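If you want the building blocks of each chain, they are given just below.
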Amino acid sequence: MLDMPRAPYGDLHLVCRPDRADRHLVFPYEVTNAGPVPLLVMDAWPRTAEGGRSADPDLAQVLLRDDGIAVVGKFVPAVPPGMRIAAPLLPLCTVLRPTETLMRELRIPLPLAEQSPYLPELRLSSYRPRELRGVLFAIGWWPLAQPELVAGPAAFAPGLQVVAPIGALPPAGTAIQRFPTTKLEILRRSDAFPREVPAHPDLA
């Protein structure tokens, strides 16, 4: 029998109404904990600059699936092939208790381009424009009591939690909403960019 990853226990409900403004794709969204247990909702990304650390709420993961759908949002990115890392890069999380709602807005500059915290931006000539068939907006989460994770307050980002795995990283739940697109392109990277996200089975 195959050892299938266990689905995380919980339920996160997403409502998003995307728009374009000031040369950005704008994703105002809210997520509600519709389940019985507290959740760790992926909410920002740690950044290091000038010797200090901060939380960036507008850093997103963007990738183009083989079916022409762009996956955009806050979720655990895949490690690029051949890259050796001491520990996975994980988003900062907000604890969301049952019935609580978190309201946020994610702004992504246009032109839309594939991006990951593991890889720097490329020269424009190293991208290939592709027309999109749709956008899948995604917000990742884990149960707060996930036994394979530890979480604690981020000293540099009040209200946010630093998350670290104990052993292998467990699969994450993903709240998703899909939108059609018209006349929207994405810049596809030509390097070894990872487009599979094994931590998020719902995004395959």
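Residues numbered from 1 in each chain as written. Predicted model: local features only at pLDDT ≥ 70, side-chain atom pairs only at ≥ 80, totals over all residues. Heavy atoms only, no water.

**Q** I'd like a description of the environment of arginine 107, backed by residues and values.
**A** Relative to the elements of secondary structure, arginine 107 occurs in strand S9 (residues 101-109). A sequence separation of 49 residues divides arginine 107 from aspartate 58, and the C-alpha atoms of the two residues are 5.9 Å apart. Apart from the residues lying within four places of it in its own chain, the contact partners of arginine 107 are Ala21, Asp22, His24, Leu25, Val26 and Asp58. (Helix = DSSP H or I, 4+ residues; strand = E, 2+ residues; numbered from the N terminus. Contact = heavy atoms within 4.5 Å.)

**Q** How would you explain the sheet that holds strand S16 (residues 185-189) if you had to name every residue and give the values?
**A** With mixed pairing, the 3 strands of this open sheet are ordered in space as S10-S16-S11. In this open sheet, the two strands that pair with only one neighbour each are strand S10 (112-113) and strand S11 (127-131). Alignment of S10 against S16, held across 2 bridges, turns out to be parallel. Across the sheet, the residue bridging to alanine 113 is leucine 187, located in S16. (Pairing = 2+ DSSP bridges.)

**Q** Talk me through the pattern of salt bridges; I want residue IDs and the actual numbers.
**A** For the coordinates displayed, the defined rule picks out 7 salt bridges. Aspartate 43 is the partner of lysine 74 in a salt bridge, and the nearest nitrogen-oxygen pair spans 3.8 Å. Residue lysine 74 is found in strand S7 (residues 69-74), and its partner aspartate 43 is found in strand S4 (residues 39-49); the two are separated by 31 residues along the sequence. Here the two residues lysine 74 and aspartate 43 agree in accessibility, since each one is buried. Residues arginine 65 and aspartate 67 are paired through a salt bridge, measuring 2.7 Å at the closest nitrogen-oxygen approach. Using a relative accessible area of 16% as the deciding quantity, one classes arginine 65 as buried. The structure contains a network of salt bridges with shared partners spanning Asp43, Lys74 and Arg104. (Salt bridge = Lys/Arg side-chain N within 4 Å of Asp/Glu carboxyl O. Buried < 20%, exposed > 50% of the residue type's maximum accessible area, 1.4 Å probe, protein only.)

**Q** Describe a nonpolar patch on the surface, naming the residues involved and giving the relevant values.
**A** There is a patch of nonpolar side chains on the surface, built from Val79, Met83 and Ile85 and spanning about 190 Å² of accessible area. Inspection of the secondary structure assignment puts isoleucine 85 in the loop between S7 and strand S8 (92-96). A residue is classified by how much of its surface remains accessible, and isoleucine 85, at 36% relative accessible area, is partly exposed. (Patch = residues over 30% accessible without salt bridge, like charges linked within 9 Å, V, L, I, M, F, W, Y side chains within 5 Å. Areas by Shrake-Rupley, 256 points an atom, 1.4 Å probe, with all protein chains shown as cover.)

**Q** I'd like a rundown of the environment of leucine 92, residues and numbers included.
**A** Of note, leucine 92 is situated in strand S8. Residue classification places leucine 92 among the buried residues on the basis of a relative accessible area of 2%.

**Q** Outline the nonpolar core, supporting the account with residue identities and numerical values.
**A** Ranked by internal contacts, the top residues of the largest apolar core, which has 29 residues, are Leu12, Phe27, Val31 and Phe137. When residues of this core are traced back to their parent elements, those giving at least two are strand S1 (12-16), strand S3 (24-33), S4, strand S6 (61-64), S7, S9, strand S12 (134-143) and strand S15 (173-179). The residues contacting valine 31, other than those within four sequence positions of it, are Leu12, His13, Leu14, Val41, Leu96, Glu100, Thr101, Leu102 and Ile139. Core analysis: the next-biggest nonpolar cluster, separate from the first, contains 11 residues, Leu63, Ile69, Leu136 and Phe193 among them. (Core = buried A, V, L, I, M, F, W, Y, C linked by side-chain atoms within 4.5 Å.)

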